[in-house]
Each structure stands twice: as structure tokens, then as C-alpha cells.
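Residue-level structural notes
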Amino acid sequence: MSARNILVINCGSSSLKFALVNEAQATFPLQGLAERLGSPEAVVHWQLGDAKESLNLPGADHREILNHVLPLAQEAAGGQLDGIGHRVVHGGEHFTASSLIDANVLEGIRANAQLAPLHNPANLVGIEAAMALFPGLPQVSVFDTAFHQSMPEHAYRYAVPDFLYKEHGVRRYGFHGTSHRYVSKRAAEMMNLPVEDSSWLSAHLGNGCSTCAIVNGESRDTSMGLTPLEGLVMGTRSGDVDPNLHSHLARTLGWSIEQVDRMLNHDSGLKGLSGLSNDMRTLSEARQAGHPGATLAFEVFCYRLAKSLAGMACGLQKLDGLIFTGGIGENSAAVRERTLDHLKLLGFQLDGEANARCTRGVAGEIQVTGSPRVLVVPTNEERQIALDALALLDA
Ligand code: AMP
């Protein structure tokens, strides 16, 4: 059998990311991003082999973009596309693993839309458009939440009245599951440890950020909760704040729930603290130049990350390694160093040279001899989605 090809699709409300994953190739034969969908500025950028191209498609929606992407994917796949993998944000308690999409699965995704009102409907648009365009192809949904369904009840319940959980699903779900799952498996492979007898702390640090405790290939706790706002400081998201902040701002400033939600999700985090940018690269440069806001944002980010990792350690009996991943985790030696400065009590000590070397896709161990293991592991959610799709096709 020749190496199979899976088209991976990640639909946001106004964007669509895609990648063609070939099971035998380390790089993607095709990848791209469509942005500002539904507006006059709608545009799709893609890379096919070494060639980069862009096309303005004013007013294009997800379906039109997929119409455009299909021939590209077929070409990149040499005419042999074997399936489509869709990233779906919220699977609620309904989905504990990736699923081959049928009418029941579609209904389950729809039923969870209340938990992810911005994301699940956009994911559904992508799935329905792809099913209409490629009716003969198997389609698979891979949920951000599914990996965390193994959390014990003491980790996933909030201390709020029982009926809010039982009747309304108010609990911690966690996100970034595809990434935490992928990097913890990779870490076990890299260290020659059996996944089913391994324990990891993982920090996925991108625009969204979360930590996870992973035991024997299962999530035992994670920092995100009912929504992806809980936990760490992120690009524009506050992470944890006093839950009374909503009522405080309503009382003192007359803010509505929508205003507070917007502030916490879009105007906070690195952006809010620094007053400069949500982008850690920009902040790292500004911090070097002595920018006080960038320095503060960096310090709060690292301290809160360290605190979260120390808390996640409660989910483990032993530690085989702490994993850094995501754009910041894979590239910022300064964030890794400052975070571990706050974790000296747990014995972490970095090797400066190894830490500086592991950037731009370079994976490896970065601790000194005698310190608990620290690893940089580039994530690859697209590949994990394709691997899940292939496993379901095989089954
Ligand atoms: P992601 O969402 O995983 O693509 O990660 C995006 C984040 O990674 C942004 O905050 C980027 O600024 C950050 N990032 C990428 N490269 C670097 C770098 N060399 N140093 C610091 N942050 C970086």
C-alpha cells in the first residue's frame, strides 16, 4: 500500500487552516491559511512544496475556500486523498476519543455548541462543507477536550452546587489535548520509555497556553477549565482572576457581562499587562530594550506558569520530565529559564547551552546532570489529527 494522505482542516469563526499530511513524509506537501472569511478582504495563503502563493477571494466563506483547497490537496496528494481530519474544539463529556463522523457525531458536536459558542459552530461549518464537497471520503473529528476526559473527578469538578454540574455540565474540560497527547508520546519515544509507564508535566505555550499532568498516556489534570480562559496568562487572555471580578466591575464601573468577557478574552494577558503586544517575540525584544510593560508581562507570565506547573505536580507520583512546547515553549529560552528559576524547590536546573540550542524546531533535553529532566518537544497537532484519522480508517 502506498503512503496515505489525510487533509487536516481547522476552522475558526473567520479563518481556516489546512495541511496535507502524508504518513511517510516529515513535512507537509501542502499547508495554508485562509483569513478574514466572509469579509471583502478574505484571502487564502498556501505553500505547495516550496512555492508560496496567495489569492484574494472577496467575500469567500469556508465552503468557497474548501472548493479552492480541494484541487490543491488532490494535486499535492498525487490524486490519492484518503480522508479528512477536522479539529473540533469542544467534545464535552460526549467524546472521549476521536470519532469517524456520522449523523450521531454531528449531533454530538452540535449539542456541545453551548459550551463553545464561537468554535463548535465554525467547526461544524467546515465539516458540513467538506462532507458536501467530498461525500465519498471518510471524515474524522478530533476534539481538543477528549484527551482530558480521563481526569479524576476531584480534578474536574468546581466547588459549586452539584446541580450546575449534573444538569448544566459546569465542570473543567481542558483544551489543547491533541498537543499534550502528541508531545507526551514523543517525549516517551525520545527517552525510550514506555508511554504506559511514564509521567510528564507538559506546558503548551502558544497564543493560548495550558499545562497538563500526564500519567501513563492519560491526562490527570490540566490548567484550562470550562472554557479556554482558565489558568495561565496567555496572549490576550487573562487566565485566572478572582471570580468576583465580574461583579466588582459591574458594581464599580457599570460594566456588562459582555464587556468583562471581552476584556478578559481579548484585551488581557500579555497584551493587557504590557500595553504593547500579545506576541512574546515582540515582548522579548522590548524587554531586552528595558520596556517596563514588556518586562512586567514576561515576569507575570513566567511566575504564573511556574505556579501552575507546581500545582500540576499534585497529579503525578513520579516525574519523567517537564515538556515545553508551542511557539513560546519551543522558542523562548528566556521563558524556560525564568520559569524554572521559580521551581528550584523541585530541583530544576537548566543547562544554559542546551537551552539556547533548542529553538526553531530543535528538540532535546535541556537540564544539567542531577536535575529532573526538562525537554523541548515541538508539537504537531496536524500530524496527531492525521494519525487519529488513519487509526480510525484502519479500524
Ligand atoms: P503558536 O500559537 O504556538 O504559534 O505560538 C505563538 C507564540 O509563540 C507568539 O507569542 C510568538 O511570539 C511566540 N514565539 C514564536 N517564536 C518565538 C521566539 N523566537 N521567541 C519568543 N516567542 C516566540
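Bear in mind that the values here come from a model prediction, so they are computed numbers and not experimental data.

Before going further, it helps to examine the pairing of strand β9 (residues 199–205). Along β9, 7 of the 7 residues are buried, which leaves the element largely enclosed by surrounding structure. Judged by which residues are buried, β9 turns out to be covered on both faces: Ser199, Leu201, Ala203 and Leu205 on one side and Trp200, Ser202 and His204 on the other are all buried. Two strands pair when backbone bridges link them, and β9 and strand β10 (residues 209–215) are joined in this way by 7 bridges, in the antiparallel orientation. The residue bridging Ser202 from the neighbouring strand is Cys212, located in β10. Bridge count between β9 and strand β12 (residues 321–325): 5 bridges; the pairing is parallel. Its bridge partner lying in β12, Ser202 is registered against Ile323.

This part takes up the site of the ligand. Taken together, the residues surrounding the ligand are Gly206, Asn207, Asp279, Met280, Arg281, Gly326, Gly327, Ile328, Asn331 and Ser332. Between the ligand and Asp279, the relevant distance is 2.3 Å, taken from an oxygen atom to a side-chain nitrogen or oxygen of the residue. Here an oxygen atom of the ligand sits 3.3 Å away from a polar atom, N or O, in the main chain of Ile328. Contributions of two or more residues to the shell around the ligand are made by α10 (280–288) and α12 (326–331). The greatest single-element share of the shell around the ligand, amounting to 4 residues, is contributed by α12. Class assignment for the residues of the shell around the ligand results in 2 nonpolar, 6 polar and 2 charged.

Turning to the layout of surface pockets, a few remarks are in order. Of the voids in this model, the second largest pocket is the one considered here, and its volume is about 220 Å³. Counting only elements with at least two residues in the lining of the second largest pocket, the list comes to β11 (218–222) and α11 (292–312). Here the lining of the second largest pocket takes 5 residues from α11, the largest share from any one element. Partitioning the lining of the second largest pocket into residue classes produces 2 nonpolar, 5 polar and 6 charged.

Right, let's get into the UniProt feature "site: Transition state stabilizer" (unreviewed entry) in the chain. As recorded in UniProt, the feature "site: Transition state stabilizer" (unreviewed entry) lies at His176 and Arg237. By the secondary structure assignment, His176 is in the loop between α5 (162–166) and α6 (177–190). You can call His176 buried: its relative accessible area is 10%. Beyond its immediate chain neighbours, meaning those up to four positions away, His176 contacts Asp144, His148, His204, Gly208, Cys209, Ser210 and Met224. With respect to the secondary-structure elements, Arg237 resides in the loop between β11 and α7 (245–253). Relative accessible area serves as the criterion here: at 22%, Arg237 is assigned to the partly exposed category. Those residues in contact with Arg237 that lie beyond four places of it in its chain are Gly208, Met224, Pro228, Leu229, Leu232, Leu264, Asn265, Ser268 and Gly269. Here the side chain of Arg237 touches Pro228 through a polar contact of 2.9 Å, landing on its backbone oxygen.

What counts, and where the lines are drawn
Residues numbered from 1 in each chain as written. Predicted model: local features only at pLDDT ≥ 70, side-chain atom pairs only at ≥ 80, totals over all residues. Heavy atoms only, no water. Buried < 20%, exposed > 50% of the residue type's maximum accessible area, 1.4 Å probe, protein only. Helix = DSSP H or I, 4+ residues; strand = E, 2+ residues; numbered from the N terminus. Pairing = 2+ DSSP bridges. Near = heavy atom within 4 Å. Polar contact = N/O pair within 3.5 Å; in protein donor to acceptor, adjacent residues only side chain to side chain. Nonpolar A, V, L, I, M, F, W, Y, C, P; charged D, E, K, R; others polar. 1 Å grid on protein atoms, 1.4 Å probe; cavity = no way out; pocket = protein on both sides within 12 Å on 5 of 7 lines; lining within 4 Å. Points joined across faces, edges and corners; volume = space filled by probe spheres on them. UniProt positions renumbered as here; feature names shortened; annotations may be inferred. Contact = heavy atoms within 4.5 Å.

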